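Summary of structural features
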Amino acid sequence: MASSSGWWLSDDAEEQEAAAWRCMQCPVITSCAGYIEHHGELAGVWAGITQGDRTKRTRKTGEPS
């Protein structure tokens, strides 16, 4: 497992889940969610949402989340 600083951009599902869990404790999660909504970043974990989860949401809704 990579160091925790690498979890947010890791390709490993377990590391992404660890990063997403850490996000839930972050005081700026709301700002982060706003950023990802407006900028559509494709890589990494943002606001507790993994890249895989964003891909699934986009497929279901047709809108990036």
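Calculation rules
- Residues numbered from 1 in each chain as written.
- Predicted model: local features only at pLDDT ≥ 70, side-chain atom pairs only at ≥ 80, totals over all residues.
- Heavy atoms only, no water.
- Helix = DSSP H or I, 4+ residues; strand = E, 2+ residues; numbered from the N terminus.
- Buried < 20%, exposed > 50% of the residue type's maximum accessible area, 1.4 Å probe, protein only.
- Contact = heavy atoms within 4.5 Å.
- Disulfide = S-S within 2.5 Å.
- Phe/Tyr/Trp six-rings, centres within 6.5 Å; stacked < 30°, edge-to-face > 60°.
- Core = buried A, V, L, I, M, F, W, Y, C linked by side-chain atoms within 4.5 Å.
- Polar contact = N/O pair within 3.5 Å; in protein donor to acceptor, adjacent residues only side chain to side chain.

**Things to note about the overall build of the protein chain**
Helix and strand counts for the protein chain come out as three helices and zero strands. Walking the protein chain from its N terminus toward its C terminus, one meets helices and strands in the order α-α-α. In the protein chain, which comprises 65 residues, the proportion classed as buried is 25%. Sequence separation of at least 24 residues holds for 30% of the intrachain contacts in the protein chain that already meet a minimum separation of 6.

**Description of the state of the cysteines**
Applying the stated criterion to the full structure yields zero disulfides. The cysteine cysteine 23 is free of any disulfide, with cysteine 32 supplying the nearest cysteine sulfur at 6.0 Å. On the accessibility criterion, cysteine 23 (9% relative accessible area) is buried. Take cysteine 26: it sits in no disulfide, and the sulfur closest to it among the cysteines is that of cysteine 23, at 6.6 Å.

**Focus on the packing of aromatic side chains**
We describe a pair of aromatic rings using the distance from one ring centre to the other and the angle between the two ring planes. Evaluation of the coordinates by the stated rule reveals two aromatic pairs. Aromatic pair tyrosine 35 and tryptophan 46: ring centres 5.0 Å apart, planes at 20°, arrangement stacked. Linking tyrosine 35 in helix H2 (residues 29-39) with tryptophan 46 in the loop between H2 and helix H3 (51-61), this pair joins segments that are eleven residues apart in sequence. Tyrosine 35 sits in the partly exposed class, given a relative accessible area of 35%.

**Looking at the nonpolar core**
Listed in full, the six residues of the largest apolar core are Trp7, Ala18, Ala19, Ala20, Cys23 and Val45. Setting aside residues no more than four positions away along its own chain, cysteine 23 makes contact with Trp8, Ile29, Val45, Ala47 and Gly48.

**Description of unusual backbone geometry**
For alanine 47, which is not glycine, the phi dihedral falls at a positive 55°. As for its placement among the helices and strands, alanine 47 is situated in the loop between H2 and H3.

**Observations concerning helix H1 (residues 13-23)**
The complete set of buried residues in H1 reads Glu15, Gln16, Ala18, Ala19, Ala20 and Cys23. Taking the backbone nitrogen of glutamate 14 as reference, a side-chain oxygen 3.0 Å away marks aspartate 12 as the first, capping residue of H1.

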